[in-house]
Amino acid sequence: MAVLDLPTLVIHGGAGVAHGDLTPEEETQARRALEQALRTGYAKLQGGGSSVEAVTAAITVLEDAPQFNAGRGAVFTHDGRNELDAALMDGASGKAGAAAGLHRVKNPILLARAIMERSRHVMMIGDGAEQFAREQGITLVDPAYFRTEKRWQQLQKALREERAAQASNQPLVLPGKAYFGTVGALALDVRGNLAAGTSTGGMTNKRYGRVGDAPIIGAGTWAEAGCAVSGTGWGEFYIRAAAAHEICARVRLAGEPLPKAADEVINHIIPKAGGDGGAIALGADGVMAFPFNTPGMYRGWIGPDGVPHVAIYREDPLPLPGQTP
Ligand code: ASP
């Protein structure tokens, strides 16, 4: 069923969330933040803004919301720091920008956009990326800005588990299958152009400068003329599968329907290799997909009726465009 609903915005706030992880109050706050991100991004589209503008605006809201593992509220590395990654891709031009290993950039997605639009490069890391951010007038903050108590306690738990594993000679899983709350957005603007963006703190207890899939173009983030994808999950497996690109390549080259291609990569290829997680995918015809294989994935979309639709757990209803009254 092709549903041409222009403009459209689709978001995720990360896979991995399970019943019992959130207090009712935290759940309400997460739903509110998702709705606010949808409304903010959608306002850009309604005003004639580009898909790049809408994706950037929606992700900025989610980076500022401490419920998600991006910007404020990012997870902690092994040595107790918040280390942020983000990427943005414009499906119309094929241009992309990405940054990794950031400690001071308040909104990494804004830096990814500046790299895409105002540099000759695609990806910058660490100190150099932050120097470019400073030169571009992008807001830098004290690293303590990103800290939340909940994430700090998640690190302490991961460290305890790691020590227990070491004590009993169990193999160590590095950086650990501990992800939760990466954010992403896909937009289809009134000109029919797609964009994709993803922002994350990566995985709890990561070390050695580990970088996941989110800022790697083609792994966690991809947009082309007919298809856009943002992933969330165990990043190592998304990188090995070139997951976001693989979904769009199946649509473009093999003519697979977008929901089938997304399901195949996220729910078959990645689990078969030992990984898990989810993704959002959006076609230039307005068809969208939300595959995931964890108990929940924060997710939502908004179309021409201007009503944000959001869901968290697997069994939460999320009517798709053709199914809404
Ligand atoms: N994919 C992210 C990473 O591996 C984590 C996540 O989606 O929560 O860095």
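One can find the structure itself at the top, above this paragraph.
About the cut-offs
Residues numbered from 1 in each chain as written. Predicted model: local features only at pLDDT ≥ 70, side-chain atom pairs only at ≥ 80, totals over all residues. Heavy atoms only, no water. Buried < 20%, exposed > 50% of the residue type's maximum accessible area, 1.4 Å probe, protein only. Helix = DSSP H or I, 4+ residues; strand = E, 2+ residues; numbered from the N terminus. Pairing = 2+ DSSP bridges. Salt bridge = Lys/Arg side-chain N within 4 Å of Asp/Glu carboxyl O. Core = buried A, V, L, I, M, F, W, Y, C linked by side-chain atoms within 4.5 Å. Contact = heavy atoms within 4.5 Å. Near = heavy atom within 4 Å. Polar contact = N/O pair within 3.5 Å; in protein donor to acceptor, adjacent residues only side chain to side chain. Areas by Shrake-Rupley, 256 points an atom, 1.4 Å probe, with all protein chains shown as cover. Axes fitted to C-alpha atoms, helices over the stretch in contact; angles between N-to-C directions. Parallel < 35°, antiparallel > 145°, perpendicular 65-115°, else oblique. Nonpolar A, V, L, I, M, F, W, Y, C, P; charged D, E, K, R; others polar.

Draft legend 1. Up close: the pairing of strand β11 (residues 296–302). Among the 7 residues that make up β11, 7 are buried, leaving the element largely enclosed by the rest of the structure. Residue alternation in β11 divides its side chains into two sets, G296, Y298, G300 and I302 and M297, R299 and W301, and both sets are buried. Two elements, strand β1 (residues 8–15) and β11, share 6 bridges in a ladder whose sense is antiparallel. Each residue of the ladder has a partner; that of A15, found in β11, is M297. Two elements, β11 and strand β12 (residues 309–313), share 4 bridges in a ladder whose sense is antiparallel. Each residue of the ladder has a partner; that of G296, found in β12, is Y313. Between β11 and the antiparallel strand that follows it, β12, lie 6 residues; G306 among them carries a positive phi value of about 70°.

Draft legend 2. Quick peek at the pattern of salt bridges. Overall, the coordinates contain 13 salt bridges when judged by the stated rule. Between D316 and R31 there is a salt bridge, with its nearest N and O atoms 3.1 Å apart. One end of the pair, D316, is in the segment after β12; the other, R31, is in helix α1 (residues 24–46), with 285 residues separating them in the sequence. Looking at D316, the relative accessible area reads 17%, which means it is buried. Assessed through its relative accessible area of 22%, R31 is described here as partly exposed. Residues D64 and K106 are paired through a salt bridge, measuring 3.5 Å at the closest nitrogen-oxygen approach. Remark: K106 occurs in the loop between β3 (96–102) and α3 (108–118) and D64 occurs in helix α2 (residues 51–64); sequence separation between them is 42 residues.

Draft legend 3. Up close: the nonpolar core. Counting residues in each nonpolar core, the largest one holds 41 residues, and the members touching the most others are V10, V229, I270 and F290. Considering each element in turn, this core owes the most residues, 6 residues, to helix α8 (residues 258–273). Not counting residues up to four positions away in its chain, the partners in contact with F290 are V10, I11, A279, I280, M297, R299, G300, W301, L318 and L320. A30, A33, F68 and Y298 belong to the second largest nonpolar core, which has 35 residues in total.

Draft legend 4. Looking closely at the site of the ligand. Not every one of the 11 residues close to the ligand is listed here, only the nearest: T182, R210, D213, T232 and G233. Contact distances for the ligand include 2.8 Å between an oxygen atom and a side-chain N or O atom of T182. Between an oxygen atom of the ligand and a side-chain N or O atom of R210, the distance comes to 2.8 Å. When the ligand is considered free in solution it has 270 Å² of accessible area, and contact with the protein chains removes 100% of it.

Draft legend 5. Local environment of the packing of α3 against helix α4 (residues 126–135). With their axes 10 Å apart at the nearest point, α3 and α4 run at an angle of 80° to one another. On the basis of the axis angle, α3 is roughly perpendicular to α4. Between α3, through L111, A114, I115 and R118, and α4, the contact on the second element is made entirely by A129, F132 and A133. Tallied by class, the residues present in the contact of α3 with α4 amount to 6 nonpolar, no polar and 1 charged.

Draft legend 6. The sheet that holds β12, seen in detail. With respect to topology, 8 strands assemble into an open sheet ordered β4-β3-β2-β6-β5-β1-β11-β12, the strand pairing being mixed. Of all the strands in the sheet, the pair left with one neighbour each is β4 (123–125) and β12. When strand polarity is set aside, the average angle formed by the axes of neighbouring strands in this sheet is 10°. Note: β3 against β4, 3 bridges, orientation parallel. If you follow A98 over to β4, its bridge partner there is M123.

Purely spatial values, then, with no claim about function.
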